[in-house]
Amino acid sequence: MKEKGYVVYEGPSAINGKPIVAILTLKSNNVKTGNMAQLWIMARDTAPHIAKKEGNDDAVCGDCPIKKECYVLTFQGPLSVWNAYKRGVYSGLQIPLRLLTIRFGAYGDPAALPKWLIKSIAKNCKDFTGYTHQWNKPEFNFLKNYFMASVESIALKNKASKLGFRTFRIKSQNTPVNNSEIECPADSKGLQCIDCMLCNGSKEATNIVINAHGAHAGSLK
């Protein structure tokens, strides 16, 4: 039987030290991303939907300002992966990373991972994308070498830019695109992430903006 995924990390969260697990699944039917390998970062001992409900998802989401309205439905994809992990479906990593285009954080903020692991995956995989809401904390400034700063306003975009991050901003439909941004090619050109890959924070490229969908769209600036 072909492996469906691998456990790449079990240990303390770099955000608050609580136990987490990171699982890399190899196939995806995600229409927006395309068939990228997906890295799921979850509380190790609590099902993701329960952790969110009880407010115990800080180990993997930190103080993300929009986690209550997060588009990721924790009782679907994350729970399915977490349950499979608990059943022992996933083994240790046994596939060359150079074959994989990886999405850091199908669920969870990659800031929760240890620096050595982020560096190793980024160095050895074919290509990657990723976003972090922990960009404003000094201890996570190194993430500017890997991930986009996820922001919800022009003011936050400007702040993150001053810290050296490229930004990925979600905005309301009526808010204009800043002159230092381009519209996400998924919206403007119909490209899947796997065919775009601009959301790799290490690349020399412009900032990205996308119109928000869902519960928090009306509150964005």
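Our subject in this report is the structure included herewith. (Residues numbered from 1 in each chain as written. Predicted model: local features only at pLDDT ≥ 70, side-chain atom pairs only at ≥ 80, totals over all residues. Heavy atoms only, no water.)

Quick word on the overall build of the protein chain
Stage number 1. Counting its regular elements, the protein chain contains six helices and 11 strands.
Stage number 2. Here the protein chain has a C-alpha radius of gyration of 17 Å; the compact-globule value for 221 residues is 17 Å, and the two agree.
Stage number 3. In terms of its C-alpha atoms, the protein chain occupies a principal-axis envelope of roughly 50 × 40 × 30 Å.
Stage number 4. By the burial criterion, 52% of the 221 residues in the protein chain qualify as buried.
Stage number 5. In the protein chain, 65% of the contacts between residues at least 6 apart in sequence involve partners at least 24 apart.
Stage number 6. Looking at the protein chain as shown, the accessible area adds up to about 10,900 Å², and 52% of this sits on carbon and sulfur atoms.
Stage number 7. Positive and negative charge centroids in the protein chain, built from 29 and 17 side chains respectively, lie 3 Å apart. (Helix = DSSP H or I, 4+ residues; strand = E, 2+ residues; numbered from the N terminus. Rg over C-alpha atoms; globule rule 2.2 N^0.38 Å. Buried < 20%, exposed > 50% of the residue type's maximum accessible area, 1.4 Å probe, protein only. Contact = heavy atoms within 4.5 Å. Areas by Shrake-Rupley, 256 points an atom, 1.4 Å probe, with all protein chains shown as cover. Lys, Arg positive; Asp, Glu negative; His and termini not counted. Charge placed at Lys NZ, Arg CZ, Asp CG, Glu CD.)

Some remarks on unusual backbone geometry
Stage number 1. A positive phi is found at M197, a non-glycine position, where the angle reads about 65°.
Stage number 2. Turning to its location among the elements, M197 is positioned in the loop between helix 6 (185–188) and strand 11 (207–211).
Stage number 3. The class for M197 is buried, based on a relative accessible area of 6%.

Comments concerning the pattern of salt bridges
Stage number 1. Within the structure shown, the criterion is met by seven salt bridges.
Stage number 2. Residue D45 is joined to R44 by a salt bridge in which the shortest nitrogen-to-oxygen separation is 2.8 Å.
Stage number 3. Of the charged contacts, one joins K137 and D63 as a salt bridge, the two residues approaching to 2.9 Å between their closest N and O atoms. Taken together, the residues K137 in the loop between strand 7 (131–132) and strand 8 (148–151) and D63 in the loop between helix 2 (58–61) and helix 3 (77–86) connect sequence positions 74 residues apart.
Stage number 4. By sharing partners, the salt bridges in this structure join R44, D45 and K86 into a single network. (Salt bridge = Lys/Arg side-chain N within 4 Å of Asp/Glu carboxyl O.)

Details of the environment of P176
Stage number 1. The residue P176 is located in the loop between strand 9 (167–171) and strand 10 (181–183) in this model.
Stage number 2. Residues P176 and C196 lie 20 residues apart in sequence; the distance between their C-alpha atoms is 22 Å.
Stage number 3. Not counting residues up to four positions away in its chain, the partners in contact with P176 are R169 and K171.

Observations regarding the sheet that holds strand 1 (residues 5–12)
Stage number 1. Read from one edge of the open sheet, six strands run 4-1-2-3-5-6, paired in mixed fashion. Two strands lie at the open edges of the sheet, namely strand 4 (91–92) and strand 6 (127–129), each paired on one side alone.
Stage number 2. When strand 1 meets strand 4, the two strands line up parallel, connected through two bridges. Residue pairing for strand 4: V7 is matched across the bridge by G92.
Stage number 3. Contacting strand 1, strand 2 (19–25), strand 3 (37–43) and strand 5 (101–107), helix 3 runs over the sheet at an angle of about 80° to strand 3. (Pairing = 2+ DSSP bridges. Axes fitted to C-alpha atoms, helices over the stretch in contact; angles between N-to-C directions.)

Description of the pairing of strand 11
If a strand is regular, its side chains alternate between the two faces of the sheet.
Stage number 1. Most of strand 11 sits out of view: five of its five residues are buried.
Stage number 2. Across the two faces of strand 11 the burial is the same, with N207, V209 and N211 and I208 and I210 all buried.
Stage number 3. Two elements, strand 9 and strand 11, share four bridges in a ladder whose sense is parallel. Bridging from a neighbouring strand, F168 pairs with I208 of strand 11.
Stage number 4. Pairing of strand 10 with strand 11 involves three bridges; the strand directions are parallel. Directly across from E183, in strand 11, lies its bridge partner V209.

Brief notes about the nonpolar core
Stage number 1. Within the largest apolar cluster, 51 residues are counted, with the highest numbers of intra-cluster contacts made by L39, I102 and L113.
Stage number 2. Not counting residues up to four positions away in its chain, the partners in contact with I102 are L24, M36, A37, L39, L97, I121, C125, D127, F128 and T129.
Stage number 3. Core analysis: the second largest hydrophobic core is formed by 10 residues, C184, C199, I208 and I210 among them. (Core = buried A, V, L, I, M, F, W, Y, C linked by side-chain atoms within 4.5 Å.)

A word on the packing of aromatic side chains
Stage number 1. Under the criterion given, the structure shown has six aromatic pairs.
Stage number 2. Taking the centre distance of 6.3 Å and the plane angle of 80° together, the rings of F128 and F147 count as edge-to-face. Within this pair, whereas F128 is found in strand 6, its partner F147 is found in the loop between strand 7 and strand 8, the two being separated by 19 residues in sequence. Comparing F128 with F147, the two get one shared label, buried.
Stage number 3. Ring centres of Y131 and F168 lie 4.9 Å apart, and the angle between their planes is 65°; this geometry places the pair in the edge-to-face category. Within this pair, whereas Y131 is found in strand 7, its partner F168 is found in strand 9, the two being separated by 37 residues in sequence.
Stage number 4. Classification of F168 as buried rests on a relative accessible area of 9%. (Phe/Tyr/Trp six-rings, centres within 6.5 Å; stacked < 30°, edge-to-face > 60°.)

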